[in-house]
Amino acid sequence: MRLTEFWWRMEHHLGAAYARTWARDQVLAELGGRTVVEALDAGWDAKVVWRAVWRALELPPSER
């Protein structure tokens, strides 16, 4: 998954104004206690990060 697709999905589900804030502030245990932004900056694959976000937001299977 490319970062552009990742951020499109984030904005699609959280809204353009809130997606970046949520990604910067929400710590996910599944990402080793990192935020989404920290995980991406540390080199985590966007697909792995998306799956963690998907589970955290309890999105439907079709959005995986």
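Please refer to the structure placed before this passage.
Procedures and definitions
Residues numbered from 1 in each chain as written. Predicted model: local features only at pLDDT ≥ 70, side-chain atom pairs only at ≥ 80, totals over all residues. Heavy atoms only, no water. Helix = DSSP H or I, 4+ residues; strand = E, 2+ residues; numbered from the N terminus. Rg over C-alpha atoms; globule rule 2.2 N^0.38 Å. Contact = heavy atoms within 4.5 Å. Salt bridge = Lys/Arg side-chain N within 4 Å of Asp/Glu carboxyl O. Buried < 20%, exposed > 50% of the residue type's maximum accessible area, 1.4 Å probe, protein only. Axes fitted to C-alpha atoms, helices over the stretch in contact; angles between N-to-C directions. Parallel < 35°, antiparallel > 145°, perpendicular 65-115°, else oblique. Left-handed = near helix turned anticlockwise from the far one by under 90°. Core = buried A, V, L, I, M, F, W, Y, C linked by side-chain atoms within 4.5 Å.

Focus on the overall build of the protein chain
Okay, so step 1: Counting its regular elements, the protein chain contains four helices and two strands.
Okay, so step 2: Mapped from its N terminus to its C terminus, the protein chain presents α and β elements in the order α-α-β-β-α-α.
Okay, so step 3: Radius of gyration (C-alpha) of the protein chain: 10 Å, near the 11 Å computed for a compact globule of 64 residues.
Okay, so step 4: Pairs at least 24 residues apart make up 39% of the contacts formed inside the protein chain by residues separated by at least 6 positions.

Thoughts on the pattern of salt bridges
A side chain of one charge can pair with a side chain of the opposite charge when the charged atoms of the two come close.
Okay, so step 1: Applying the stated criterion to the full structure yields three salt bridges.
Okay, so step 2: Note that Arg-9 and Glu-5 form a salt bridge whose closest N and O atoms lie 2.8 Å from each other. With a gap of four residues between them, Arg-9 and Glu-5 both fall in helix H1 (residues 3–14), about one helical turn apart.
Okay, so step 3: Overall, the relative accessible area of 34% leaves Glu-5 in the partly exposed class.
Okay, so step 4: Asp-25 is the partner of Arg-24 in a salt bridge, and the nearest nitrogen-oxygen pair spans 4.0 Å.
Okay, so step 5: Overall, Arg-24 belongs to the partly exposed group, its relative accessible area being 49%.

Side note on the side chain of Arg-9
Okay, so step 1: Accessibility expressed as a relative area gives 18% for Arg-9, which makes it buried.
Okay, so step 2: Setting aside its immediate chain neighbours within four residues, Arg-9 contacts Met-1, Trp-50, Glu-63 and Arg-64.

Some thoughts on the environment of Trp-7
Okay, so step 1: By the secondary structure assignment, Trp-7 is in helix H1.
Okay, so step 2: Once you skip the residues sitting within four places of it in the chain, Trp-7 turns out to touch Ala-19, Arg-20, Ala-23, Val-37 and Leu-40.

Some remarks on the packing of H1 against helix H2 (residues 16–25)
Okay, so step 1: Two numbers describe how H1 lies on H2: the axes approach to 7 Å, and their chain directions differ by 115°. Judged on the interaxial angle alone, H2 and H1 are roughly perpendicular. Our pair here, H1 against H2, has a crossing hand that is right-handed. Here Trp-7, Met-10, Glu-11 and Leu-14 of H1 come into contact with H2, specifically with Ala-16, Tyr-18, Ala-19, Arg-20, Trp-22 and Ala-23.

Side note on the nonpolar core
Okay, so step 1: Ranked by size, the top nonpolar core spans 19 residues in total, and within it Phe-6, Met-10, Val-36, Val-49 and Val-53 carry the most contacts.
Okay, so step 2: For this core, the elements supplying multiple residues, two or more each, are H1, H2, helix H3 (36–41) and helix H4 (46–56).
Okay, so step 3: Each residue touching Met-10, except ones within four places of it in the same chain, is listed here: Gly-15, Ala-19, Trp-22, Ala-23, Trp-50 and Val-53.

Remember, this is a structural readout, not a statement about activity or role.
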